[in-house]
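# Residue-level structure breakdown
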Amino acid sequence: TIPQVKVVELFTDFNIGEYSYFRFGKHSVKWGVGYFFSPADVINIGKIDPEEPEKDVEGAISLRSMFTFSGTQNCLYLYLIPDLNSEKGYLAKNVAFAGKYDFLVGNTEIGIGGWYKNNRPPKMIGTFTSTLFDDIPVYGEVVLAYGLEEQWLKEAEKDFIFQGTTGVSYTCKEPKINLAMQYFFNGIGAKNPSEIDDITFNEKSLLYNKVGQHYLAVAFSKSEV
């Protein structure tokens, strides 16, 4: 028998000076801040499974450039993501470009970025992480896309599509309790998924993974040592 081999990550790191870092190869990218859902994660091949949110997500082959700024915690990320499925002669044309800038405002980290690929919906992205009462983490993501995948494929009229998510987590040490909750509005999805036909349902499942518009995930655990 021929063994089945799957490469999850294989990359090389190098740097130029003290403030420029580069990574090339197949690697997972942490763009979003969501726990159960992450619409801002537009680079990875895999998506977060809400039933197994801690599971590693499969990354794409890309060249990442990271630039830090002396005296700050701010970072600029730039990505080139080749499309290895493109026909010969179209590989360079179908390279995706992405960029994101992370900076601090008080105790809140904010990220602003964008993603572009030829004949695909361009996207603007925003993220934030902060704390409430100094010990309760909160986070959120927003994505604004110009058009749906099917609108670009069919060269139809484009709409602006919004996706947004926000969540909160809480940990108590005694007794040991963990609580996580996240809401996700998926502007791409249908208002009433049960009313759409099977073909549309399958198309949305294949293109976007999520078919509906509103999602809520909650996880609660209590343990004793």
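Scroll up a little and you will see the structure.
Described in the following lines is the structure provided in the data block. If you're wondering where the values come from, they're calculated on a predicted model, not measured in any experiment. (Residues numbered from 1 in each chain as written. Predicted model: local features only at pLDDT ≥ 70, side-chain atom pairs only at ≥ 80, totals over all residues. Heavy atoms only, no water.)

Because side chains alternate across strand β4 (residues 75-81), one face comprises the buried residues C75, Y77, Y79 and I81, and the other comprises L76, L78 and L80, none of which is buried. Sheet topology note: the strand β3 (residues 60-68)/β4 ladder contains six bridges and is antiparallel. Paired with F67 across the two strands is L76, which belongs to β4. Connecting the antiparallel pair β3 and β4 is a turn made up of six residues, with G71 showing a positive phi of about 85°. One ladder, built from seven bridges, connects β4 with strand β5 (residues 96-105); its direction is antiparallel. If you follow L76 over to β5, its bridge partner there is Y101. (Buried < 20%, exposed > 50% of the residue type's maximum accessible area, 1.4 Å probe, protein only. Helix = DSSP H or I, 4+ residues; strand = E, 2+ residues; numbered from the N terminus. Pairing = 2+ DSSP bridges.)

Across a sheet, paired strands are connected by hydrogen bonds in the backbone, their directions being either parallel or antiparallel. Pairing is antiparallel across the open sheet formed by eleven strands, whose spatial order is β1-β2-β3-β4-β5-β6-β7-β8-β9-β10-β11. Edge strands, defined here as strands with exactly one partner in the open sheet, are β1 (10-16) and β11 (214-223). For this sheet, the mean angle separating the axes of adjacent strands, direction not counted, is 10°. (Axes fitted to C-alpha atoms, helices over the stretch in contact; angles between N-to-C directions.)

Judged by side-chain polarity, Y170, L179, M181, Y183, L216, V218 and F220 come together as a nonpolar surface patch covering roughly 680 Å² of accessible area. When residues of the nonpolar patch are traced back to their parent elements, those giving at least two are β10 (176-186) and β11. (Patch = residues over 30% accessible without salt bridge, like charges linked within 9 Å, V, L, I, M, F, W, Y side chains within 5 Å. Areas by Shrake-Rupley, 256 points an atom, 1.4 Å probe, with all protein chains shown as cover. Salt bridge = Lys/Arg side-chain N within 4 Å of Asp/Glu carboxyl O.)

Throughout the structure, instances matching the rule amount to twelve aromatic pairs. Measuring from centroid to centroid gives 5.9 Å for F37 and Y215, while their planes differ by 50°, and the two rings are tilted. With F37 in the loop between β2 (20-27) and β3 and Y215 in strand β11, this pair connects stretches of sequence that are 178 residues apart. Classification of Y215 by relative accessible area gives partly exposed; the value is 22%. One aromatic cluster in this structure is built from F14, F22 and F67. The ring of W115 carries K123 above its face, with NZ or CZ at 5.9 Å from the centroid. Of note, K158 hangs over the ring of W152, and the distance from its end group to the ring centre comes to 4.6 Å. (Phe/Tyr/Trp six-rings, centres within 6.5 Å; stacked < 30°, edge-to-face > 60°. Lys NZ or Arg CZ within 6 Å of the ring centre and 35° of its normal.)

As a further point, take the nonpolar core. One finds W31, I43, Y79, I81 and A98 to be the most contacted residues of the largest nonpolar core, which totals 16 residues. Elements that contribute at least two residues to this core include exactly β3, β4 and β5. In this view, A98 contacts W31, I43, Y77, L78, Y79, I81, G114 and W115; residues no more than four positions away in its chain are not counted. (Core = buried A, V, L, I, M, F, W, Y, C linked by side-chain atoms within 4.5 Å. Contact = heavy atoms within 4.5 Å.)

Where strand β7 (residues 123-132) and strand β8 (residues 136-146) come together, ten bridges link them in antiparallel fashion. Counted as the bridge partner of I125 is V143 from β8. Linking two consecutive strands that pair antiparallel, namely β7 and β8, is a turn of three residues; a positive phi of about 55° is found at F133 within it. Pairing of β8 with strand β9 (residues 160-172), which is carried by nine bridges, proceeds in the antiparallel orientation. Within β9, the residue paired with V142 across the bridge is G164.

This next bit is on the pattern of salt bridges. Two side chains carrying opposite charge are able to pair once their charged atoms lie near each other. Within this structure, the stated rule accounts for six salt bridges. Across the salt bridge formed by E58 and K6, the nearest N and O atoms sit 3.6 Å from each other. Here K6 lies in the segment before β1 and E58 lies in the loop between β2 and β3, a separation of 52 residues in the sequence. Residue K6 is classed as exposed on the basis of its relative accessible area of 60%. Salt-bridge contacts for K26 lead to E58; the nearest nitrogen and oxygen are separated by 2.9 Å. In this pair, K26 is assigned in strand β2 and E58 in the loop between β2 and β3, connecting sequence segments 32 residues apart. Among the charged side chains, a salt-bridge network with shared partners connects K6, K26 and E58.

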